[in-house]
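# Fold and geometry: a report
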Number of protein chains: 2
Amino acid sequence: MADWNPALYTRFEEERTRPAAELLARVPLEKPRLIYDLGCGPGNSTALIAARFPDAEVIGLDTSPAMLESARQRLPGLAFAQADAATWSPERAPDLIYANAVLQWLPDHPVLLPRLFGLLAPGGVLAVQMPDNLAEPSHRLMRETASAGSWAGAIGDPALAGRLGRMLEPAGYYDVLAPLAAALDVWRTAYHHRMADAEAIVDWVSATGLRPFLDPLDPEQRAGFLAAYAAAIEAGYPARADGRRLLAFPRVFIVARRAP
Amino acid sequence: MADWNPALYTRFEEERTRPAAELLARVPLEKPRLIYDLGCGPGNSTALIAARFPDAEVIGLDTSPAMLESARQRLPGLAFAQADAATWSPERAPDLIYANAVLQWLPDHPVLLPRLFGLLAPGGVLAVQMPDNLAEPSHRLMRETASAGSWAGAIGDPALAGRLGRMLEPAGYYDVLAPLAAALDVWRTAYHHRMADAEAIVDWVSATGLRPFLDPLDPEQRAGFLAAYAAAIEAGYPARADGRRLLAFPRVFIVARRAP
């Protein structure tokens, strides 16, 4: 994929930061020494972590140079480095591995999550939040639009572009981590974001889920795809009683603690 | 119904208090003066409210004398009174009406919620949390068990005992309150509670959702119903990878603010 666009990503910063804060609030640690923020993006989650644990060494990791540059400008006092959560291993065992809105981009969760959990220091915590919205109209309509237009060949298999089949049920994450963890908490929250209009929903997903659909397209295909997708969103999210659109956005949360 | 059993209700206090705390954390008020805690039960939510807003006048309301007695013993410094949220009106307009796990017992939400919202002082907040678990196996199996045994006649219509049809979709609550509110936040969280065994799930719902099914039964019918229901729960909640049962428990949250 092309590199991320930090400006577009931070446009809905308040809504995107809330799950990061709610995940952090559930981390049962008092004085962690070493913390990694996987997929730190432009640093909004890293800032939250540093505010809650001011005495900890906090290191933000991301694959995107643009995101890392944005994070460094925002938080010059913290450390950031380029790394891929799929293969990353720390030199020292961390007390907290925090992965907000990143692991949904990686395959093979029944292997990935136990691997990350195994990197923790004794008593350490793995804290994960992932969007779980592939069954929502926002994402179903991406896949339907992908296969119904002159852009279909360029996009290829919509299920692949849409990362279908990667996420487990909440109980599936429980099964993967419960035999390893001393304490385990799994929950799923569907936020309902009040959006001004259908275009705002398109803007929201343009920065994330829509990228694998748009990246392979030339400018003309991209304009055609976006117009067709916007029309589908307009119909798929009918106006509510106050004229706004309501974007239901489910997310899965996992907090797993290693035995001390 | 028979009066509530505070001892049984508080058995899962930690799990029941978490949604109360998460609802309170989202109340966007700095210095409320007058707060009502509707359906305060044994006072766990009232204690949270008083801790966050120590300068406010906090009044707990409940229909149950046993719950009110339990709350008064626990929190001798706070005020508690008997009242029914369905018909209650305050003498002075409150800054916060907080209703945790109570409105699901009352009918006609499209009328009830605007009525409660209308009681607020300018700038005031209505904060509501309701279990939304009628489609979960725990509650579906109550209704199925009710109609398949010698107890069926005594229970009557399982849909009525199970309060089917009272809850709206999250978007439905949005539609009811959005035209009135200056700010409105609706979300739905499914907690996944780790339970020791199927019996623990039966114990959990015995204090709440199972009561309208058990109340009309004589001791023999009650024993028969409970045995059949326990067997259904045993099959409906298969053991997870660590041998435990996972009780998915969805709850709807609403925070609506009046214009100042």
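Residues numbered from 1 in each chain as written. Chains lettered and ligands numbered in written order. Predicted model: local features only at pLDDT ≥ 70, side-chain atom pairs only at ≥ 80, totals over all residues. Heavy atoms only, no water.

## Things to note about the overall build of chain A
Scanning chain A from terminus to terminus reveals 12 helices and 7 strands. Whereas a compact globule of 260 residues would reach a radius of gyration of roughly 18 Å, chain A reaches 19 Å, a difference of no more than 12%. Structurally, chain A occupies a C-alpha span of about 55 × 40 × 40 Å along its principal axes. Burial statistics for chain A: of 260 residues in total, 56% are counted as buried. The long-range fraction of contacts in chain A, counting pairs at least 24 apart against all pairs at least 6 apart in sequence, stands at 77%. (Helix = DSSP H or I, 4+ residues; strand = E, 2+ residues; numbered from the N terminus. Rg over C-alpha atoms; globule rule 2.2 N^0.38 Å. Buried < 20%, exposed > 50% of the residue type's maximum accessible area, 1.4 Å probe, protein only. Contact = heavy atoms within 4.5 Å.)

## So, the domain arrangement of chain A
Residue and element names in this part refer to chain A. We note that the domain assignment places domain 1 (1-131 + 167-195 + 247-260) and domain 2 (133-165 + 197-243) within chain A. Distance between the C-alpha centres of domain 1 and domain 2: 26 Å. Counting residues at the interface gives 22 residues for domain 1 and 19 residues for domain 2. Summed over both partners, the interface of domain 1 with domain 2 comes to about 1,900 Å²; 62% of that surface belongs to carbon and sulfur atoms. It is Trp 105, Met 195 and Leu 247 in domain 1 that bury the most area against domain 2; as a group they hold 28% of the surface buried on that side. (Domains from an automatic or database assignment. Buried area = accessible area lost by both parts, 1.4 Å probe.)

## A look at empty space enclosed by the protein
All names here are of chain B. Under the definition given, this model contains 1 cavity of 30 Å³ or more. In this structure, the largest cavity encloses a volume near 30 Å³. Surrounding the largest cavity, Leu 134, His 139, Met 142, Arg 143, Gly 162, Arg 163, Gly 209 and Phe 213 form its lining. The class makeup of the residues in the lining of the largest cavity is 3 nonpolar, 3 polar and 2 charged. (1 Å grid on protein atoms, 1.4 Å probe; cavity = no way out; pocket = protein on both sides within 12 Å on 5 of 7 lines; lining within 4 Å. Points joined across faces, edges and corners; volume = space filled by probe spheres on them. Nonpolar A, V, L, I, M, F, W, Y, C, P; charged D, E, K, R; others polar.)

## Some details on the interface of chain B and chain A
With 23 residues of chain B at the contact, the number on the chain A side is 23 residues. Buried surface at the junction of chain B and chain A, both sides included, amounts to about 2,000 Å², of which 52% is carbon and sulfur. Of all residues in chain B, Arg18(B), Tyr174(B) and His192(B) give up the largest surface area on contact with chain A, accounting jointly for 28% of the area buried on that side. There are 4 salt bridges connecting chain B and chain A. Put simply, Asp175(B) and Arg240(A) hold a salt bridge, and the shortest N to O gap is 2.5 Å. Seen at the junction of chain B and chain A, the total is 15 residue pairs in polar contact (both at pLDDT 80 or more). When residues of the side of chain B that touches chain A are traced back to their parent elements, those giving at least two are helix 2 (13-25), helix 9 (170-177) and strand 6 (183-195) of chain B. If you tally residues by element for the side of chain B that touches chain A, the top one is strand 6 of chain B, at 9 residues. In terms of residue class, the side of chain B that touches chain A is made up of 11 nonpolar, 2 polar and 10 charged. (Salt bridge = Lys/Arg side-chain N within 4 Å of Asp/Glu carboxyl O. Polar contact = N/O pair within 3.5 Å; in protein donor to acceptor, adjacent residues only side chain to side chain.)

## Here we look at the pattern of salt bridges
Pairs can form between side chains of opposite charge once their charged atoms are near each other. Applying the stated criterion across every chain, the model contains 22 salt bridges over all chains. Here Asp55(B) makes a salt bridge to Lys31(B), at a shortest N to O gap of 3.1 Å. Taken together, the residues span a long stretch of sequence, with Asp55(B) in the loop between helix 3 (44-52) and strand 2 (57-62) and Lys31(B) in the loop between helix 2 and strand 1 (34-38) at a distance of 24 residues. Residue classification places Lys31(B) among the exposed positions, given a relative accessible area of 66%. If you follow the salt bridges from partner to partner, you end up with Arg18(A), Glu22(A), Arg26(B) and Asp185(B) in one network.

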